[in-house]
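Residue strings, one per chain:
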Amino acid sequence: MERVKDLSLKFLPVLPVKNMVVLPKSIVPVIVGRDISIKAVEFAAKKNKEVFLSAQKVDKVEKPAITDLYDIGTRAIILQIARMPNGTFKILIEGICRAKVMADQPGDGFLGVLAKDLIADKLEETPENIAIWRSLLDDFKEYISLNDKISPDLLDLFKGPQDLDYLLDTVAVQIPLNFAQRQKVLNIVDIDDRAVHLSVLLKKEVEVLLTARKIKKRVQKQIDKNQKDYYLNEQMRAIQRELGRQDYQQEIDALRVKLKKAKLSKEAVEKVDAELKRLESMQPTSPEAVVSRNYVDWLLSLPWRKTTEDNVSLADAKSLLDKSHAGMKKPKERIIEFLAAKKFAGRDLKRSPIICLVGPPGVGKTSLALSIAESLGRKLVRISLGGMRDEAEIRGHRRTYIGAMPGKIIQAMKKAGVLNPVIVLDEIDKMAMDFRGDPASALLEVLDPEQNHAFADYFLEVDYDLSNVMFITTANVVDNVPFPLLDRMEVINLDGYTAAEKLKIAKKFLVPKLLKEHALKVSQFKLSDKILLDIIEEYTKEAGVRQLERVLAKLVRKVIQSLLKDKKLKTFKILEKDILSWLGHARFKLADRSKLLDVGRVTGLAWTEVGGDVLDVEIVAIKGKGGLTLTGQLGEVMQESAQAAMTYVRSRAKDLGLKPNFYSDLDIHIHVPEGAIPKDGPSAGITIGSAIVSALTGIPINKIVAMTGEITLQGRVLPVGGLKEKLLAAIRFGIKKVIVSKENEDDIKEFETELNGKLEIFYAENMDEVLVNAFVKNPFEVAKTKKAKAKSKKATGKKSSKTTKKTTKKSRIKK
C-alpha cells in the first residue's frame, strides 16, 4: 500500500489476532505474546491507547504482514494492561467502531496503518426502519428470555430506531457466531443489510434455544420420573426387608438383569416383564408365584439369538461321512448338496432341509444323523417319538395345569442352547393317537417351513422360531406316517446292507470298536474274512448290523477268556471249530432247493424289515367242486392278487390247453410256507399266477428262476418295491435268473453294479412273457403241440373207422 496524506485518516498500531474477530461494542480480553504485538501495545499505551484490531486470514502465519490481515477491522481502546511473568501482556480491550486500512505505515518494530473509521449513516424514522427495529428487538428479547446467561437489563440501553446500529452490534456480540460469520458481520457497514443478515442469524438461534429447552424439559421430566421410581423402589425395598422378602426381591432383580442380556423377542420381553411385575405383588410361597417363576425361567433359558456357525467344508464333511458310514450313497449326496448350497448362499439360505431317513432297523439311521450334525458343526438333540400318543408331548401343556411344561421340541431347544441345532425325531412311524390328541398332527406345524418360524407352544404362549433348526426324522416304514406329514419331508431310503458291505463294516467299524471297548490289542484278535463272511450269512439274518455286532462281541469275550486261561498265548486266531464251539450250529443255513418239487411250485422274492428273502408258492389242483383255498397267513392284498392271477389263468385257458370250465371240477389250494409268519403285498402276483399254470398244465418251472411283480386281470406285470433287497436275497439263495416288471428297469440300474453280474434279469411287460421265460417248456407251445396231436389223432381215427366199415360191407357181399 502507498502512503497517503489525509486529515480523516488516523495512524494506529496494528494488533493482529488469530481466529478471533472483535466487534464494536464488545469488551474482550486478549493475550498478547508476539513481539510485533507487544511493541504495538506498548506504543498505544504511551499514546491514546487506541489500536487497530484485525484478524489474520491464515492463522498459521507467525509474522504477518498487512497483506495477511483483513482490510476491515475494529478501532479499539485498551482498557487494562497486565504484564505476565513470562513477558506477555493480558489486555482488556473495547471495540469502538469499524475501521478500514487505507495505507500501510509501519512503526518501530510493529505494524502500523493509516485507518479510516467506517461510520454508518444516521437512520430516519421511516415505517420500514421502525419495522426492522421492532422485529429485531422482539427477537432479541425472546433470545434473552431463553438464554439465562444474558441479563434482561441489557434491553434498557435501546430507546428507539436511532439505536439500531448499537442494537445490531450488541446482537452480533451476544449470539454465538463462528469466525467466518463474525468477520462477515464486521464487513457489512450498511445498517439495512446488516439488520437483515443478523435477523436471520438471530431467528436461527432462537429456534435452537427453543428446541434445546424442549429437550431439557423432556430430560428433566425423565430424571424426575427416575428419581421418583428410585425413591419408591427404595421404599419398596425397605418394606420388603421388614416383611422378610428381601431375598425374593433380589431374585426378581436378578431375573430383570438376565432379561436385558437374553435378547428375547419383543413379544417375549413384554410377557416376561408382565410376569415379573405380577411376581413382585405375590407372596413367594404362593402356588401362583411358583408357576409364574417357572414360566419366566423357561422363557429366559431358551436360545433366542445364539447360533453356531456351520462348518461348510465339503471335503471334510464328505470325508467324515465316508469314515463313519459305509455305502449310503444317496443320503450322503443329499447332505453334501445341502452343504454346498449353504456355502454358496451363506446367510441368505434361511430354510433348513427336513429329511426323513427310512430303512430297516440297524442300518445306521440315527448314527447317520449324528454324523450329519458333526459334519455341519451343529449341536444335536434326539427326541424319541416311539409310543407317543399325547399331543401335549409336542405342543406342551397350558400353564393352568399343575406341573405344566413345554413340549419336547421346546425342551430340545433349551437342551441345545442354540437356535440352529440338528433335532432327530426318532421312530416317527411309531406314534399313535387316542383321546388325548394326535401328536402327528401337532408335528405338521413343526415340520412345515412356511409355519415353523412362529411355532406356538401352549406353555410358552409366545411364538418361537424353529426355521433355523435342521430336522431329521427316522422311520422303518412310511406306511404308518400320515400323508400330510410325509409330504413335508424329503424321504431318503436307506437300503439294507449287502453281505459285502457288512463285511466291510465289520472290519472297519465293528471289530475296532469292540477291541477298543474291551482293551484288546489288534494283534491279539485274528479273524479271517472267510469266517467273518460265514458268520454274516449263517449266524445273522438282518438288514443292519446290530445282531452281527452282538455276535462279534461274544467272540471278543471268548478270546479274552482264552487269553486269561493261557498266559503264554499272545495271539488268538479264530478257526471254524471255535465258531462251532462258541456259537453253535448255523442258525440260518440256506435250504437245499434241489429237492423241491418243480410242478406247482414257484420261487418268489419278498422284502422284510431285516432284508430280502425268498418266498415259495406251492399250488395243488385236486378233484373237487371249484373251490379256491388260500393258506399261510396271507393278507388281504395278497389274497386279492391270488384271485387276480386265477382270473387271468381262466381267461387264457384255451391258449394254455385247458378246458374252458376246468375250474368247475377242481379244488385249487394255494399255500405259502412258514404259515406262522404273516405275509401281504401285491408283489407275489406273477409268482402265484405262474404256480397255478404249472399245477394245471403239469409243466415244471426252472429251479434257478425267481420272480416278483404285481399281476392284473389282463396279465400286465406292474412294478414293485424293495428290489435291491430282493435281488440280493436271490443271489444268496443261488438263484441265477430273476423276472421283474419292465417298469422296474430304471430302478435296478441304480444298483446293478452291486450285483456283480451274478444274476440274469429279464424285464417282462406281460404274464405271457413271464410264463415263456420261467417254464422249462413254453406252455403255449406245449398246448399247441397237444392240440395238433389231438387233431391228428382224431383225423386218423376217422379214417380208420371208414376203412373198417368198407371191409365189413365187402365181406357181407361175398357171403
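Just so you know, these numbers come straight off a predicted model, no measurement behind them. (Residues numbered from 1 in each chain as written. Predicted model: local features only at pLDDT ≥ 70, side-chain atom pairs only at ≥ 80, totals over all residues. Heavy atoms only, no water.)

So, the side chain of T74
Structurally, T74 is set in strand 4 (residues 72–83). Residue class for T74 comes out buried when judged on its relative accessible area of 1%. Here the side chain of T74 touches V22 through a polar contact of 2.4 Å, landing on its backbone oxygen. Ignoring anything within four residues of it in the chain, the contact list for T74 reads V22, L23, P24, V51, F52, L53, G95, I96, C97, A99 and L186. (Helix = DSSP H or I, 4+ residues; strand = E, 2+ residues; numbered from the N terminus. Buried < 20%, exposed > 50% of the residue type's maximum accessible area, 1.4 Å probe, protein only. Polar contact = N/O pair within 3.5 Å; in protein donor to acceptor, adjacent residues only side chain to side chain. Contact = heavy atoms within 4.5 Å.)

Here we look at the pattern of salt bridges
Inspection of every chain in the model, using the stated rule, returns 28 salt bridges. For E461, the salt bridge identified is with K271, shortest N-O distance 3.4 Å. On the criterion of sequence distance, the pair formed by E461 in the loop between strand 10 (455–456) and strand 11 (463–464) and K271 in helix 7 (residues 266–280) is long-range, its members being 190 residues apart. Looking at E461, the relative accessible area reads 36%, which means it is partly exposed. Among the charged side chains, a salt-bridge network with shared partners connects K271, E275, R278, E288, R399 and E461. (Salt bridge = Lys/Arg side-chain N within 4 Å of Asp/Glu carboxyl O.)

As for the packing of aromatic side chains
One pass over the full model with this rule turns up 7 aromatic pairs. Considering the side-chain rings of F662 and Y663, the 5.6 Å spacing of their centres and the 85° angle between planes classify their relative orientation as edge-to-face. Among the residues examined, F662 registers a relative accessible area of 5% and is labelled buried. Pairwise contacts between aromatic rings join F11, F43 and F110 into one cluster. Seen from the ring of Y458, R398 lies directly overhead, with NZ or CZ sitting 4.1 Å from the centre. Stacked on the ring of Y663, the Lys or Arg R650 has its end atom at 3.7 Å from the ring centre. (Phe/Tyr/Trp six-rings, centres within 6.5 Å; stacked < 30°, edge-to-face > 60°. Lys NZ or Arg CZ within 6 Å of the ring centre and 35° of its normal.)

With respect to helix 17 (residues 529–538)
Taken as a whole, helix 17 has its buried residues at I531, L532, I535 and I536. All buried residues of helix 17 project into a common sector of 145° when viewed along the axis, lining one side. In this fold, the buried residues of helix 17 make contact with helix 16 (499–517), helix 18 (546–565) and helix 19 (576–583). (Arc of directions from axis to C-beta.)

Thoughts on the packing of helix 9 (residues 314–324) against helix 10 (residues 329–345)
Where helix 9 meets helix 10, the closest approach of the two axes is 10 Å, and the angle between their N-to-C directions is 160°. Classified by the angle their axes make, helix 9 and helix 10 are roughly antiparallel. Considering only the axes of helix 9 and helix 10, their crossing is right-handed. Contact residues: helix 9 offers L314, A317, K318, L321 and D322, while helix 10 offers K332, I335, I336, L339 and A340. Split into classes, the residues belonging to the contact of helix 9 with helix 10 amount to 7 nonpolar, no polar and 3 charged. (Axes fitted to C-alpha atoms, helices over the stretch in contact; angles between N-to-C directions. Parallel < 35°, antiparallel > 145°, perpendicular 65-115°, else oblique. Left-handed = near helix turned anticlockwise from the far one by under 90°. Nonpolar A, V, L, I, M, F, W, Y, C, P; charged D, E, K, R; others polar.)

Let's talk about the sheet that holds strand 9 (residues 422–426)
A sheet is described by the order of its strands in space; here 5 strands give the open sequence 8-9-12-7-13, paired in parallel fashion. Because the sheet does not close on itself, it has two edges, and the strands there are strand 8 (380–384) and strand 13 (490–493). Strand-to-strand twist of the sheet, defined as the mean angle between neighbouring strand axes without regard to direction, takes the value 20°. Both strand 7 (residues 354–358) and strand 12 (residues 470–475) contribute to a ladder of 5 bridges, which runs parallel. Directly across from I354, in strand 12, lies its bridge partner F471. (Pairing = 2+ DSSP bridges.)

Brief notes about the side chain of R399
Mapped onto the secondary structure, R399 falls in the loop between helix 12 (392–395) and helix 13 (408–416). Once you skip the residues sitting within four places of it in the chain, R399 turns out to touch E275, V291, Y295, A404, F459 and E461.

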